[in-house]
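# Breakdown of the fold
These are the residues of each chain, in order.
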Amino acid sequence: MARTGWVWVVVPLTVLVVIFYYPLFFILRQSFTGEGGHVGLAPYAEMLSSSLFRGALLRTIQIASLSTLGCLVLGFVLALIVSFVPFPGARVVSGFIGTFLAFPSFLIALAFTFLYGSAGVFNFIAMDLSGATQPPIDFVYTKWGVILAEITFYTPFVMRPLLAAFSQLDTALIEVASSLGARPLRIIREVILPEAVPALLAGGSLCLLLTLNEFGIVLFIGAKGVITLPMVIYGKAIQEFDYTAGCVVAVVNIALSVGLYALYRFLISRTGGGRAVAVQG
Amino acid sequence: MADAAVMPGLPRAAAGATATAQVRSGIRFDRVTVAYRSTVALADFSLDVEPGEVMALLGPSGSGKTTALRAVAGFVAPTAGRILLGDTDVTTMPPFRRGIGMVVQQYALFPHMRVEQNVAFGLRAAKAARSTIATRVAECLTMVGMAAYARRYPHELSGGQQQRVAIARALAIRPRVLLLDEPLSALDAQLRSGMLNEIARLHRELPDVTILYVTHDQVEALTLADRIAVMNDSRLVDVGTAQSLYQQPPSDFTATFVGNANLVPVTVEAYDATREEARVRFAACSVVVRANGGVTPGERRTLCVRPHALALESPGSGANAIEAKVVEVQWRGSAHRLYLDIDGIELRADSKPLREPPHRGERLTVHFASHDATLLAAAGPGRGAERGRG
Amino acid sequence: MLLPSRVSRVGAWALFFVLFVPVFGLPIVVVGAASIAGQWNDVLPSHLTLRHLHDAFVSNAGVELVTSLATGVIASVVALVIGTWAALAVRALRRRGAKVIGTLFVLPIAVPSVSVGLGLLVAFSRPPFLLNGTATIVLIAHVVLVTAFAFSSVSAGLARLPAHYEQVAASLGGRPAYVLFRVTLPLLTPSLVAAAGLCFALSMGELGATIMVYPPGWVTLPVGIFALTDRGAVFDGAALTVLLLVLTLVVLVAVSRIRTRASYR
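Right, let's walk through the structure included here. (Residues numbered from 1 in each chain as written. Chains lettered and ligands numbered in written order. Predicted model: local features only at pLDDT ≥ 70, side-chain atom pairs only at ≥ 80, totals over all residues. Heavy atoms only, no water.)

### Some remarks on helix 2 (residues 42-49) of chain A
Residue and element names in this part refer to chain A. For helix 2, the full list of buried residues reads Pro 43, Tyr 44 and Met 47. Buried positions in helix 2, seen along its axis, are confined to an arc of 95° and lie on one side of it. Relative to its buried face, helix 2 has exposed residues pointing more than 90 degrees away, namely Ala 42, Ala 45 and Glu 46. (Buried < 20%, exposed > 50% of the residue type's maximum accessible area, 1.4 Å probe, protein only. Helix = DSSP H or I, 4+ residues; strand = E, 2+ residues; numbered from the N terminus. Arc of directions from axis to C-beta.)

Listed below in structure tokens is the structure:
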């Protein structure tokens, strides 16, 4: 049975290898192929020492970790209320969160320019109130705009596993705790939070992975000073036709996110957060 | 049918429309071992199930009984040994060739098919003729009393009804062997006894079908089975007719698992070969029990006496009387259960409901007839003896 | 009940709506408003018009809509076939093998979409695969990105499927192929439909890989939307975004309908 099983894997595996692993291999190969076809580490030496790359790497990590942190805090608070202070319409909210996951991320970036952009709603409000002639709000075009947009878009990715984890939490635990005289904050800290740790870890690492690779939001906001690794790849390969440089950055970016993904899988298998898998749709 | 040519030993009843006289075949386990990695699920298991017999595999969970059944069905591959259906070695045959009917605990009715489609499944898979399918489905549904529900979906049926359909589905392929894996354990107590009678009736109607019935419930096994194979720790412990296992359990495990016997370590004082009786001693008591041979004075044995054999009033001559202290009294509706203490040895006694039950701490005398007790080999270190509480 | 007093409960709800509505509701509202705005030179848009939405259908954006739909449908179907096949095949393997092969199939989730696009660009611009500049390379990019989701979604469905259905089917004489098509796949329908919806939605919104590989003749909606906003036609971009959202939502709602009907119990 198990021996004949391999026969059936061959077809889909072949397709996968051709359309995914074969291109992956070429990224690696191209990244070592310098000018004039020389094979070596020269492209890496050049790219890794450039200030463009260093700045992008630093900014990518900074944006990803701050966004993830924001998603965790906001997601935890919102999931807590939906789960434990239920109100009519809480189900609609859960459904809304589910569909939000299926929307493209650039939607948020687009909305942000309408809301907080230089010709955005809030700037008009601010100018009407203060009488200023120049738009006072300009954070959208900084890394903070990107971070806020990413928090908005990725918070549902944290909420989903959290809501799943909370729905499995025995409400008797909370009732017993409050009958023993524990106040809400104490219950959250000592009963709910420990139960939420696996989901927070899983949701958080997924969030980190996705924000590290986020492209649509950064591209649509189009802030000059906010260059992330995927933006460098796009700029080098598409705008400068420098495939080698693009591939070097891609190798670094892939290594980073595959490493994070391994951590995510490890955390899920370790903490039993598997029930709350967010990736599985 | 290509199948029939491949396995002459197993004519596919499903394909033949006229097969009323069935070929009977038994099941033979020939030193079957099933092991997963380091754990052994079934160890050196040998058992012959006669054609047309109902054999119950009885044991606690993890005793290997379900593994044995799954090995017959072909869902686990033995690491050693052979399994024969009739004369055919099926050890490596894929499940769909074995022609076995199977009913599982969760019914496993296909939720996307109507009742009649469920019952027709095996016949369709064997490419039986339309007319054959229609008659056979109607016949099998009538047999289990579900003809009126043919157009329903499984989720529209109660648990008991689903179980009937599952049985009809298994019978539709006219299997020579029917495997029942804890078929009643998902039903509530009332339905369970009804279904038990139902299965017994079906077997009277289909005397040629060999049934292997896996259960952990001794009542089901005692009611239904011609013979019972008692299993524990992946091994066969005892096999015998229900009556013999109950009245003269060959081992202490069987004694406790089938009928909750009291087991008391005793010393043989004397043996009367003509009357086949032995006088044995435990604590300060000396009692006479039935013993058929092989008993020598001074030997250590285990006395086996069932709770309901212990009576508060004397049954008359030849009875043993034991003085005991009442530790606990429980009323169980149809009986009073007394927990008794005889110098540190605990005995359970089930009496008829008492108008004035004894009080805790009271001393009283219990009686049992010598033919209601048997002597077993001395109990191994704790094996099984701690079971059977309550 | 975590918060026994009514006052604190109301406080919690207030906090929820103060956070939830501006963060998640406002963006969608504002994009919707922009799609019908003739001008937006104050707090509220003015000169409301359906021109942008109308233009979206008649201009070349209509072509982009069809392109996106075609890409989404084709990529979802292909991904579903590959993903389901792979999930079924992996299930038949022994533990170690299943783990390794399973990981190979989900790994694309972890690779940034821009890099997937770059890889296809580099690898398929040379023999034996000369696909650069064709619609096929866009389709391949989408298939790569969504197959992993189809695979893990169907695998999860298979893991939840109790083994005894297939075992009983086999004991009744069903050969493996018969059991697969009559029992396993019908029972998997809810997972398959859900996976299809997810794949379609992801494909409709895909930007990173598409922007790397798309040829001029195969412009998907997100790429078109970017082109519009990049040259300042933000209201047209918003109109197209609204179309994209509505289309995605319609498919998701249809999918959840089918899904409820397919889950018999």
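### Structural notes on the sheet that holds strand 10 (residues 235-241) of chain B
Two orientations exist for strands paired in a sheet by backbone hydrogen bonds: parallel and antiparallel. Residue and element names in this part refer to chain B. With mixed pairing, six strands are arranged side by side in an open sheet as 6-7-8-3-9-10. The open sheet has two edge strands with one neighbour each: strand 6 (100-103) and strand 10. Between one strand and the next, the sheet's axes are offset by a mean angle of 15°, whatever the strand orientation. (Pairing = 2+ DSSP bridges. Axes fitted to C-alpha atoms, helices over the stretch in contact; angles between N-to-C directions.)

### Points about helix 6 (residues 189-205) of chain B
All names here are of chain B. Along its 17 residues, helix 6 runs 25 Å from first to last C-alpha, staying within 8% of the 24 Å computed at 1.5 Å per residue. For helix 6, the set of buried residues is Met 195, Leu 196, Glu 198, Ile 199, Leu 202 and His 203. All buried residues of helix 6 fall inside an arc of 170° around its axis, so they share one side. Set apart from the buried face of helix 6 by more than 90 degrees, the exposed residues are Gln 190, Asn 197 and Arg 204. Packed against the buried residues of helix 6 are strand 3 (54-58), helix 4 (130-143), helix 5 (159-172), strand 7 (177-181), strand 8 (210-215) and helix 7 (218-224). (Expected span 1.5 Å × (residues − 1). Contact = heavy atoms within 4.5 Å.)

### Some points on the interface of chain C and chain A
When the parts come together, some accessible area is lost, and that loss is often what is quoted as the size of the interface. Facing the 84 residues of chain C at the interface are 84 residues of chain A. Of the roughly 7,500 Å² buried between chain C and chain A on both sides combined, carbon and sulfur atoms contribute 84%. Its largest share of buried area at the contact with chain A, chain C owes to C:Leu2, C:Phe16 and C:Phe24, together 10% of the area lost on that side. For the pair chain C and chain A, the number of links is four residue pairs in polar contact (both at pLDDT 80 or more). The residue makeup of the side of chain C that touches chain A, split by class, is 67 nonpolar, 13 polar and four charged. (Buried area = accessible area lost by both parts, 1.4 Å probe. Polar contact = N/O pair within 3.5 Å; in protein donor to acceptor, adjacent residues only side chain to side chain. Nonpolar A, V, L, I, M, F, W, Y, C, P; charged D, E, K, R; others polar.)

### Some remarks on the packing of helix 2 of chain A against helix 3 (residues 51-84) of chain A
Residues and elements named next belong to chain A. Following both chains from N to C, one finds helix 2 and helix 3 inclined at 65°, their axes separated by 4 Å at the closest point. Looking at the two axes, helix 2 sits roughly perpendicular to helix 3. Contacts between helix 2 and helix 3 pair Met 47, Leu 48 and Ser 49 from the former with Ser 51, Phe 53 and Arg 54 from the latter. (Parallel < 35°, antiparallel > 145°, perpendicular 65-115°, else oblique.)

### Some details on the sheet that holds strand 4 (residues 80-85) of chain B
All names here are of chain B. A sheet is described by the order of its strands in space; here four strands give the open sequence 2-1-4-5, paired in antiparallel fashion. In this open sheet, the two strands that pair with only one neighbour each are strand 2 (39-49) and strand 5 (88-89). Here five bridges tie strand 1 (residues 27-36) to strand 4, and the two strands are oriented antiparallel to one another. Within the sheet, the bridge partner assigned to Ile 27 lies in strand 4 and is Leu 85. Along the sheet, helix 2 (residues 65-73) makes contact with strand 1, strand 2 and strand 4, crossing strand 1 at roughly 110°.

### Regarding the pairing of strand 15 (residues 319-331) of chain B
All names here are of chain B. Bridge analysis of strand 15 against strand 18 (residues 363-369) gives seven bridges, and the strand direction is antiparallel. Along strand 18, the bridge assignment pairs Asn 320 with Phe 368. Sheet topology places strand 15 next to strand 16 (residues 336-342); six bridges connect them, and they run antiparallel. Opposite Trp 331, over in strand 16, you have His 336 as the bridge partner. In sequence, strand 15 turns back onto strand 16 through a hairpin of four residues, with Gly 333 there showing a positive phi of about 75°.

### Notes on the interface of chain C and chain B
Contacts between the two partners involve 20 residues from chain C, matched on the other side by 27 residues from chain B. Taken over both partners, the interface formed by chain C and chain B buries close to 2,300 Å², and the fraction arising from carbon and sulfur atoms is 67%. Across the contact surface, chain C and chain B share zero salt bridges. Of all the elements in the fold, those that place two or more residues in the side of chain C that touches chain B are helix 7 (163-171) and helix 8 (176-205) of chain C. In terms of residue count, helix 7 of chain C provides more of the side of chain C that touches chain B than any other element does, seven residues in total. Split into classes, the residues belonging to the side of chain C that touches chain B amount to eleven nonpolar, five polar and four charged. (Salt bridge = Lys/Arg side-chain N within 4 Å of Asp/Glu carboxyl O.)

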